[in-house]
Number of protein chains: 2
Amino acid sequence: MRPREFDHDDVLRIAFDQFWRKGVRGTSLSDIARDAGVQRGSLYNAFGSKEALFLCAYERYASEYLGSVQKALGSGTLRKRLTAFFDLTIKNFRSGSPPRGCPTTRGLMELASVEGEGLDESARKTFADLVARITDLVQEALSGGVKRGEFNGDPGTAALHIVTVTRGLAVLERAFGDEAQLRKIARHTIDLVLGGAGR
Amino acid sequence: MRPREFDHDDVLRIAFDQFWRKGVRGTSLSDIARDAGVQRGSLYNAFGSKEALFLCAYERYASEYLGSVQKALGSGTLRKRLTAFFDLTIKNFRSGSPPRGCPTTRGLMELASVEGEGLDESARKTFADLVARITDLVQEALSGGVKRGEFNGDPGTAALHIVTVTRGLAVLERAFGDEAQLRKIARHTIDLVLGGAGR
DNA sequence: AAAAATATTTGACATGGCGTCAATAATTGA
DNA sequence: TCAATTATTGACGCCATGTCAAATATTTTT
């Protein structure tokens, strides 16, 4: 059979970059094809549809992103680790100029119409993964030195709350665009989560 | 001059309903025109462009929404009022079937490309208004019976945090779609904000 | 080595959306 | 009554998505 003349991964990276900058609906396959030096038809042949291409590109990004989160959460006190998580998150969707926002959030909202079921599944996994990692973090801290009673409810709920805040930040960032404010909210959230520790 | 043959407000309501259900980019002016019994050209004559029409429709909605928030925050203890706020918010973006999500958040994310500057302004105002109302609420409670020291930082930061959570909920709702979970996060947030009061 | 099989590339095409424009129609005011 | 003004209407250009058949480049088979 005839070998393909372009690298799938290259195209996915290029496509994701455009999707992230201009949104899924705001990016045409012609744009991507031109940027990637590929014929538009080849993209259809390789991926089937624009939404399918976005999905592939998104999943490639998501695994990379989750990996970097994993790394950032490395070690240190709970406060330090949570701070690192918020820092990474804010830095991630403040990257580029103008800032490009949170890809998962943007994609999810943009495709959350009748049809956009493919990304729902994928975004759910991303969020679930984040919640799981933060839950582990909290549990680990609890079984370590951190005193119980500084958390309201179970670690899972705390993690859910934290991930919710990060996604809220992704939204506010689009509205206000003020990084200092985002950091303030992040710090405040950590203070709340760590109970009296930071007051 | 010739009188127009349709009611602006009717069209805005119909348009907003479609935008909310199918997204801005997923809704065509032909759809709206058909639904409203108006020619497509008339919409361009009256509003200028699809984005401008969306903006008008959004602003009509936003003032209605802020009014209902105002009402819901009416009276009672701070906990009761915050609970009412979360309830209204969740109920709002769980309305319809399937749930239609938060219009401000969806619109903001969808149009947050290079050009979408019109809605940025409008959404910023909506969020700023929400933050201001919640700030007032907290300040009122503080000058009333509620003890100081149950809040971390100033009331403004607390309000910002709360609004951030509601927007995070709008995102998670799209991913998980589980209303019970949203309520759990809301309750948890209130518990955190009210310090030791609810523990 | 030649031919068959198979997958990719390519360009043409159909469909549908946005936005513009000139022509037409319906009022109001002089 | 007629001019001025604004709304409506339908045709048009442009661009996007997605489909299809023809052409092309390999690998495998004979």
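Structure: above.
Below is a short write-up of the structure. (Residues numbered from 1 in each chain as written. Chains lettered and ligands numbered in written order. Predicted model: local features only at pLDDT ≥ 70, side-chain atom pairs only at ≥ 80, totals over all residues. Heavy atoms only, no water.)

Quick notes on the overall build of chain A
1) Next: In terms of regular secondary structure, chain A is built from 9 helices and 0 strands.
2) Next: Reading the helices (α) and strands (β) of chain A from amino to carboxyl end gives α-α-α-α-α-α-α-α-α.
3) Next: In chain A, which comprises 199 residues, the proportion classed as buried is 51%.
4) Next: Split by element, the accessible area of chain A, about 8700 Å² in all, is 48% carbon and sulfur. (Helix = DSSP H or I, 4+ residues; strand = E, 2+ residues; numbered from the N terminus. Buried < 20%, exposed > 50% of the residue type's maximum accessible area, 1.4 Å probe, protein only. Areas by Shrake-Rupley, 256 points an atom, 1.4 Å probe, with all protein chains shown as cover.)

Overview of helix α4 (residues 50-72) of chain A
Residues lying three or four places apart along an α-helix face the same way, a consequence of the helix completing one turn every 3.6 residues.
1) Next: Helix length check: α4 of chain A (23 residues) gives 33 Å between terminal C-alpha atoms against 33 Å at 1.5 Å per residue, within 8%.
2) Next: If you check which residues of α4 of chain A are buried, you get Leu-53, Phe-54, Ala-57, Tyr-58, Arg-60, Tyr-61, Ala-62, Tyr-65, Leu-66 and Val-69 of chain A. (Expected span 1.5 Å × (residues − 1).)

A word on the packing of aromatic side chains
1) Next: With the rule as written, the count across this model stands at 16 aromatic pairs over all chains.
2) Next: Aromatic pair Tyr-58 of chain A and Tyr-61 of chain A: ring centres 6.0 Å apart, planes at 50 degrees, arrangement tilted. Of this pair, Tyr-58 of chain A and Tyr-61 of chain A both sit in helix α4, separated by 3 residues, roughly a single helical turn.
3) Next: Plain terms: the ring middles of Phe-16 of chain B and Tyr-61 of chain B are 4.6 Å apart, the flat faces sit at 15 degrees to each other, and that makes the pair stacked. Of this pair, Phe-16 of chain B sits in helix α1 (residues 8-22) while Tyr-61 of chain B is found in helix α4 (residues 50-72), placing the two residues 45 residues apart along the sequence. The exposure classification of Phe-16 of chain B matches that of Tyr-61 of chain B, with both residues buried.
4) Next: An aromatic cluster of three or more residues is present, and its members are Phe-16, Phe-19, Trp-20, Phe-54, Tyr-58, Tyr-61 and Tyr-65 of chain A.
5) Next: Across from the ring centre of Trp-20 of chain A, 4.4 Å away, lies the NZ or CZ of Arg-100 of chain A, which sits over that ring. (Phe/Tyr/Trp six-rings, centres within 6.5 Å; stacked < 30°, edge-to-face > 60°. Lys NZ or Arg CZ within 6 Å of the ring centre and 35° of its normal.)

Thoughts on the protein's contact with DNA strand D
1) Next: Inspection of the region around DNA strand D gives 19 residues, with Arg-2, Arg-40 and Tyr-44 of chain A together with Glu-5 and Gln-39 of chain B positioned closest.
2) Next: Of all DNA strand D atoms lying within 4 Å of any protein atom, the proportion belonging to sugar or phosphate reaches 72%.
3) Next: Between DNA strand D and Ser-42 of chain B there is a distance of 3.4 Å, counted from a sugar or linking oxygen to a side-chain nitrogen or oxygen.
4) Next: Put simply, the parts of the chain that give the surface near DNA strand D at least two residues each are α3 (40-47) of chain A together with α3 (40-47) of chain B.
5) Next: For the surface near DNA strand D, the leading source of residues is α3 of chain B, giving 3 residues. (Near = heavy atom within 4 Å. Polar contact = N/O pair within 3.5 Å; in protein donor to acceptor, adjacent residues only side chain to side chain.)

A word on the interface of chain A and chain B
1) Next: Contact residues are listed per partner, giving 42 residues for chain A and 43 residues for chain B.
2) Next: Note on chain A versus chain B: buried area summed over both sides is about 4200 Å², and carbon and sulfur give 68% of it.
3) Next: Where chain A packs against chain B, one counts 0 salt bridges.
4) Next: The tally of links between chain A and chain B comes to 2 residue pairs in polar contact (both at pLDDT 80 or more).
5) Next: With 15 residues, helix α8 (residues 155-176) of chain A is the largest single contributor of residues to the side of chain A that touches chain B. (Contact = heavy atoms within 4.5 Å. Buried area = accessible area lost by both parts, 1.4 Å probe. Salt bridge = Lys/Arg side-chain N within 4 Å of Asp/Glu carboxyl O.)

Digging into the relation of the copies chain A and chain B
1) Next: Overlaying chain A with chain B gives an RMSD of 0.1 Å, the required rotation being 180 degrees about an axis along which the chain moves by 0.0 Å. A rotation of that kind, with that shift, is consistent with a two-fold axis. Taking the C-alpha atom as reference, chain A places Gly-168 of chain A closest to the rotation axis, 1.8 Å from it.
2) Next: Counting the interface residues of chain A, we find that 100% of their copies in chain B are interface residues as well, pointing to one common contact surface. (Least-squares fit on C-alpha atoms with pLDDT ≥ 70 in both.)

Some details on the protein's contact with DNA strand C
1) Next: In the vicinity of DNA strand C lie 19 residues, with Arg-2, Glu-5 and Gln-39 of chain A together with Arg-40 and Tyr-44 of chain B positioned nearest.
2) Next: When the atoms of DNA strand C within 4 Å of the protein are sorted by group, sugar and phosphate make up 72%.
3) Next: Here a phosphate oxygen of DNA strand C sits 3.2 Å away from a polar atom, N or O, in the side chain of Gln-39 of chain A.
4) Next: Here a sugar or linking oxygen of DNA strand C sits 3.4 Å away from a polar atom, N or O, in the side chain of Ser-42 of chain A.

Some words on the environment of Val-163 of chain B
Residues and elements named next belong to chain B.
1) Next: If you trace the backbone, Val-163 turns up in helix α8 (residues 155-176).
2) Next: Note on Val-163: relative accessible area 0%, which makes it buried.
3) Next: Apart from residues no more than four positions distant in its own chain, Val-163 is found in contact with Leu-130, Val-131 and Ile-134.

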